[in-house]
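Summary of structural features
Chain residues, written in single-letter form:
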Amino acid sequence: MTLLIRKPGPQSTVQDLGRVRYRFLGVPAGGACDEIALRVGNLLLGNAPDCAALEIALGGLELVFEVATRFALTGAAVGATLDGAPVRGWRVLDAAAGASLRLGYAAHGARIYLNVAGGIDVPPVLGSRSTGLLADLGGFQGRAVQAGDQLPLGPVETLPPHCAVMAPPRGQVLRVLPGPEWGQLPRDTQRALLSSDWTVTPASNRMGARLSGPALALNDSAELDSHAVLPGVVQLPPSGQPILLLADAQTTGGYAKPLMVIAADLWRAAQFRPGEALRFAEVEPAQALAALAAQRQWLEHLERSLRWQQRAST
């Protein structure tokens, strides 16, 4: 039981929730850049939360289902066809054996997720099936998929029922908290960071989104001794152009950290494509915690609702 890749698109990788216990060894957590899209796809299909999916940057993927199964597309909005017939995202879809799935290029957002019933069953490495591109680690042979690859699928006892959910709105704003070096920046730099539009550049990848905007004045806090960094950190290098760290972010860095995207907005940070603009909005710690609690409650409610639908259909 496999998925046969015909065209991989710009970059398609196997991802799950990441490897979370190895940062002290210098191994990034990695995993899906948009964890919410991955989780919802697995919920729709009745998969375990850590089942691996295919993360597709921008689109352009073509593949063949070599076994009859069900699947879901989540994440960025993209035109897709199954054997030439249009299909929509954020719902359970049927694929007959030999069916061909084709994705266009995303009209909105940066990353699409293809979840399949049973998950993509590549061998786990350090507790995760995620692809670590910089270290050739995990995933399918430690790399992005290529034409001709056959991705194994996990076993499925019962196919999930048909159901659908609404895609969460992304918006343009990322909520942030002040980082450790926020107070060391000039006031004009602080104001510009929070009042300007920042455009994602083509130099962006799974490590981070490089942003372009007004030149920011720096001081001696721009370069520091190497220290721990995490996804969501906004770094400010000597160029004065911010870098928003994403899932494959390095474990240490030496640039100032003026801002930190709140945990509830990390999925949004992953969905800005090159050429799109974003803004930062400062919130209080209590607001950040409330946003994360609300997101978790939404996922729990969605899980209960989908489980009820799945039970009712059997």
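Look above for the structure.
These notes cover the structure that comes with them. (Residues numbered from 1 in each chain as written. Predicted model: local features only at pLDDT ≥ 70, side-chain atom pairs only at ≥ 80, totals over all residues. Heavy atoms only, no water.)

**So, the pairing of strand β14 (residues 208–212)**
Where strand β13 (residues 198–200) meets β14, 2 bridges bridge the pair, whose relative direction is antiparallel. Within the sheet, the bridge partner assigned to Thr199 lies in β14 and is Ser212. Relative to strand β17 (residues 243–245), β14 is paired through 3 bridges, and the arrangement is antiparallel. Bridge pairing in β17 links Ala209 to Leu244. (Pairing = 2+ DSSP bridges. Helix = DSSP H or I, 4+ residues; strand = E, 2+ residues; numbered from the N terminus.)

**Section: the pairing of strand β2 (residues 11–15)**
With 4 of its 5 residues buried, β2 lies for the most part within the structure. With 5 bridges connecting them, β2 and strand β3 (residues 53–57) associate as antiparallel partners. Residue pairing for β3: Gln15 is matched across the bridge by Ala53. (Buried < 20%, exposed > 50% of the residue type's maximum accessible area, 1.4 Å probe, protein only.)

**A short note on the layout of surface pockets**
Any space left empty among the atoms is revealed by the rolling of a water-sized probe across them. Here the largest pocket is characterised by a volume of approximately 660 Å³. Ala32, Glu35, Pro231, Ala263 and Leu266 are, among the 26 residues lining the largest pocket, the residues nearest its centre. Here the lining of the largest pocket gets 4 residues from one element, more than from any other, and that element is helix α4 (residues 285–312). When its residues are assigned to classes, the lining of the largest pocket shows 19 nonpolar, 3 polar and 4 charged. (1 Å grid on protein atoms, 1.4 Å probe; cavity = no way out; pocket = protein on both sides within 12 Å on 5 of 7 lines; lining within 4 Å. Points joined across faces, edges and corners; volume = space filled by probe spheres on them. Nonpolar A, V, L, I, M, F, W, Y, C, P; charged D, E, K, R; others polar.)

**Here we look at the nonpolar core**
Core analysis: the biggest nonpolar cluster contains 31 residues, and Leu54, Phe65, Phe71, Leu101 and Leu114 have the highest contact counts within it. Within the residue set of this core, elements represented by two or more residues are β1 (2–8), β3, β4 (61–65), β5 (69–77), β6 (80–82), β8 (93–95), β9 (100–103) and β10 (108–116). Leave out the neighbours within four places in its chain, and Phe71 touches Leu45, Phe65, Leu82, Arg91, Val92, Leu93, Asp94, Ala95, Leu101, Leu114, Asn115 and Val116. (Core = buried A, V, L, I, M, F, W, Y, C linked by side-chain atoms within 4.5 Å. Contact = heavy atoms within 4.5 Å.)

**Observations regarding the sheet that holds β9**
One open sheet accounts for 6 strands, arranged β7-β6-β9-β4-β1-β11; its pairing is antiparallel. Each edge of the open sheet is held by one strand with a lone partner, namely β7 (85–87) and β11 (150–152). Within this sheet the neighbouring strands show an average axis-to-axis angle of 30°, counted without direction. Examined bridge by bridge, β6 and β9 share 3 bridges and lie antiparallel to one another. By the bridge assignment, Thr81 is partnered in β9 with Arg102. (Axes fitted to C-alpha atoms, helices over the stretch in contact; angles between N-to-C directions.)

**Remarks on the side chain of Arg143**
Of note, Arg143 is situated in the loop between β10 and β11. Separated by 2.7 Å, the side chains of Arg143 and Asp149 make a polar contact. Beyond its immediate chain neighbours, meaning those up to four positions away, Arg143 contacts Thr131, Leu133, Gly138 and Asp149. (Polar contact = N/O pair within 3.5 Å; in protein donor to acceptor, adjacent residues only side chain to side chain.)

**Quick word on the sheet that holds β3**
As summarised here, the arrangement of the 5 strands in space is β2-β3-β10-β5-β8, forming an open sheet in which the pairing is antiparallel. Both outer strands of the open sheet, β2 and β8, are each paired with one neighbouring strand and no more. Looking at each pair of strands side by side, their axes are set apart by 30° on average, direction ignored. Contacts from helix α1 (residues 35–45) reach β2, β3, β5 and β10 within the one sheet, and its direction differs from that of β5 by about 155°.

**Brief notes about the pattern of salt bridges**
Using the criterion set out here, one finds 16 salt bridges in the structure. The closest approach of N and O atoms between Arg206 and Glu55, which form a salt bridge, is 2.7 Å. In this pair, Arg206 sits in the loop between β13 and β14 while Glu55 sits in strand β3, placing the two residues 151 residues apart along the sequence. Taking the relative accessible area as the measure of exposure, Glu55 reaches 3% and is therefore buried. Arg170 is the salt-bridge partner of Glu276, the closest N and O atoms lying 2.8 Å from each other. In this pair, Glu276 is assigned in the loop between α3 (266–269) and β19 (277–282) and Arg170 in the loop between β11 and β12 (173–178), connecting sequence segments 106 residues apart. On the basis of relative accessible area, Arg170 is assigned to the buried category, the value being 13%. When salt bridges with common partners are traced through the structure, they connect Glu55, Arg111, Arg206 and Asp248 into a single cluster. (Salt bridge = Lys/Arg side-chain N within 4 Å of Asp/Glu carboxyl O.)

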